[in-house]
Amino acid sequence: MFNYTFHWRPALNALPQMLQGALVTLQIAVLSMVIGIAVGVVLSVFSSSRNKLLYGIYATWVEVARNTPALFQIYMAYFGLGQLGIRLDSFLALLVGITFNNAGYLAETFRGGLRAVPQTQTRAARSLGFNAYEAFTLIVLPQMFRAVFHPMTNQMVWAILMTSLGVVVGLNSDLTGVTQDLNVRTFRTFEYFAIAAVLYYLIAKVVTLGARLIAWRLFRY
Amino acid sequence: MIEIENVEKSFGALKVLDGVSLTVNKGEVVSIIGGSGSGKSTLLMCINGLEPIQGGRILVDGTEVHARGTDLNRLRRKIGIVFQQWNAFPHLTVLENVTLAPRKVLKKSREEADAIARRQLEHVGLGDKFGSFPGKLSGGQQQRMAIARALAMAPEYMLFDEVTSALDPQLVGEVLDTMRLLAREGMTMILVTHEMGFAREVSDRVAFFKSGKIHEIGSPEQLFGNPQLPDTRAFLNSVLK
């Protein structure tokens, strides 16, 4: 009933290649997270804007990002934009797709986080002579980030795992791409993907631990 | 000099200030007393432009607060305000709470801002708390920190909005001591307060607020000792018994 013989040695020999891929994966995840946080903060500010256009941008972005499959979002970045004459390579298309998705989720998280910071904090800051931007960046944002730190870490892990979708737009340099190449060459599907899974797990763990360390350093109050 | 002329202010259909006029001269301490919801705190928020007004005008050293071209951020530098709920910045240490505005708003160097903050914090008796976070302080200590934070901007006017109302009774004294010191140093102050004894002691004038108006105003001796209007008498009877 079961006559598959495991061949771990050749699979493990490919480890350096796979680690190289893991590095690319991490790179995409970090980039999409950094840009996603920046865009998410801007969107969350738009969410309480009285300007209809700004609110519209926020609402549309969040609705689309959260209610359509991430896979389609990456497809749209690669094939959709390509149809419009904007040709992104698979690395960039994946980055754009995931960042779009990330920013949508993060915007909603941040919106909640901003509500957790009392209005009176802004008042106190403004009364000291800070302008609206300073009051927001110096007083409100740091407190918001503390409130949303754990959901933000979850989103980071989610972003790492989502990078594996790059394979659908032909990305072959990230962990999934490298693994897939090895797979089609050798058909040792189980071995390679098991190793890849372990590597994804380790990356996610390292990021979570790193985040905890940052939180411990940053939020001592 | 703060000149409040016929100020009107509504929250929706609710009229909170209904033609308030009051002039506060340099070096003067004016207390505002009155029941809850009579518009006292709102008036303070209007003076530094945190709240818009619908009628009348407020002048601070001749600058009209609510005029279109007024640089409120600049104007607020000379008006310190301390709130009922102290509003410490929880993510900053006590020292950082006090140095942030001098550094970012007044563009002072870190050393200069530190020196100012240390002096102000020692002034209010928090010389040993520089590195603590506000969450580790008592309400009275946080409120004194808030006073130091406002003073670090070297304001010309200080507004106090029921600063002892949210404190445990045994912590009220230390905050009042700090304010007493300020009054003695000649700071121009407007305080909204429920501490009648304190108002009587430090004020040059006391104003009784009722239904969005200054109902009666006079020296502490006059207002507390010989109130002219029946509503003032009724209020004082109810709080002083």
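These numbers come from a predicted model, not from an experiment.

## With respect to the overall build of chain B
Helix and strand counts for chain B come out as nine helices and ten strands. The C-alpha radius of gyration of chain B comes to 18 Å, within 12% of the 18 Å expected for a compact globule of 241 residues. For the C-alpha atoms alone, the extent of chain B along its principal axes is close to 55 × 45 × 30 Å. For chain B, the proportion of its 241 residues judged to be buried stands at 55%.

## Some remarks on the sheet that holds strand β10 (residues 213-218) of chain B
All names here are of chain B. Taking strand neighbours across the sheet as the criterion, the six strands line up as β6-β7-β8-β3-β9-β10 in an open arrangement whose pairing is mixed. Both edges of this open sheet fall to β6 (79-82) and β10, since each of them pairs with a single strand only. Neighbour-to-neighbour, the strand axes of the sheet open up by a mean angle of 20 degrees, direction not taken into account. Here five bridges tie strand β3 (residues 29-34) to strand β9 (residues 205-210), and the two strands are oriented parallel to one another. Bridge assignment links serine 31 to a residue of β9, and that residue is valine 206. Seen against the sheet, helix α6 (residues 169-184) touches β3, β7 (157-161) and β8 (188-192) and runs at an angle of roughly 145 degrees to β8.

## Thoughts on the pattern of salt bridges
All chains considered together, the criterion is met by 18 salt bridges over all chains. A salt bridge links Glu5(B) to Arg57(B); its shortest N-O distance comes to 2.8 Å. Taken as a pair, Glu5(B) in strand β1 (residues 2-11) and Arg57(B) in strand β4 (residues 55-60) lie far apart in primary sequence, 52 residues in all. Here Asp18(B) ties to Lys213(B) by a salt bridge, and the two come within 3.2 Å at their closest N and O atoms. Remark: Lys213(B) occurs in strand β10 and Asp18(B) occurs in strand β2 (residues 14-24); sequence separation between them is 195 residues. The partly exposed category is assigned to Lys213(B), whose relative accessible area is 40%. Connected via shared salt-bridge partners are Arg66(A), Glu108(A) and Arg111(A).

## What about the interface of chain B and chain A?
The interface is formed by 24 residues belonging to chain B together with 18 residues belonging to chain A. Buried surface at the junction of chain B and chain A, summed over both partners, amounts to about 1900 Å²; 65% is from carbon and sulfur atoms. On the chain B side of the interface with chain A, the three residues burying the most area are Asn73(B), Phe89(B) and His91(B), jointly 29% of the side's total. One salt bridge connects Glu51(B) with Arg123(A), and the closest N-O pair in it is separated by 2.6 Å. Between the two partners, chain B and chain A, sit four residue pairs in polar contact (both at pLDDT 80 or more). Looking at the side of chain B that touches chain A, the elements that each hand over two or more residues are α2 (72-76), β6, α3 (94-104) and α5 (139-151) of chain B. Tallying contributions element by element places α3(B) first for the side of chain B that touches chain A, with three residues. A class-by-class count of the residues in the side of chain B that touches chain A yields 15 nonpolar, four polar and five charged.

Conventions and cut-offs
Residues numbered from 1 in each chain as written. Chains lettered and ligands numbered in written order. Predicted model: local features only at pLDDT ≥ 70, side-chain atom pairs only at ≥ 80, totals over all residues. Heavy atoms only, no water. Helix = DSSP H or I, 4+ residues; strand = E, 2+ residues; numbered from the N terminus. Rg over C-alpha atoms; globule rule 2.2 N^0.38 Å. Buried < 20%, exposed > 50% of the residue type's maximum accessible area, 1.4 Å probe, protein only. Pairing = 2+ DSSP bridges. Axes fitted to C-alpha atoms, helices over the stretch in contact; angles between N-to-C directions. Contact = heavy atoms within 4.5 Å. Salt bridge = Lys/Arg side-chain N within 4 Å of Asp/Glu carboxyl O. Buried area = accessible area lost by both parts, 1.4 Å probe. Polar contact = N/O pair within 3.5 Å; in protein donor to acceptor, adjacent residues only side chain to side chain. Nonpolar A, V, L, I, M, F, W, Y, C, P; charged D, E, K, R; others polar.

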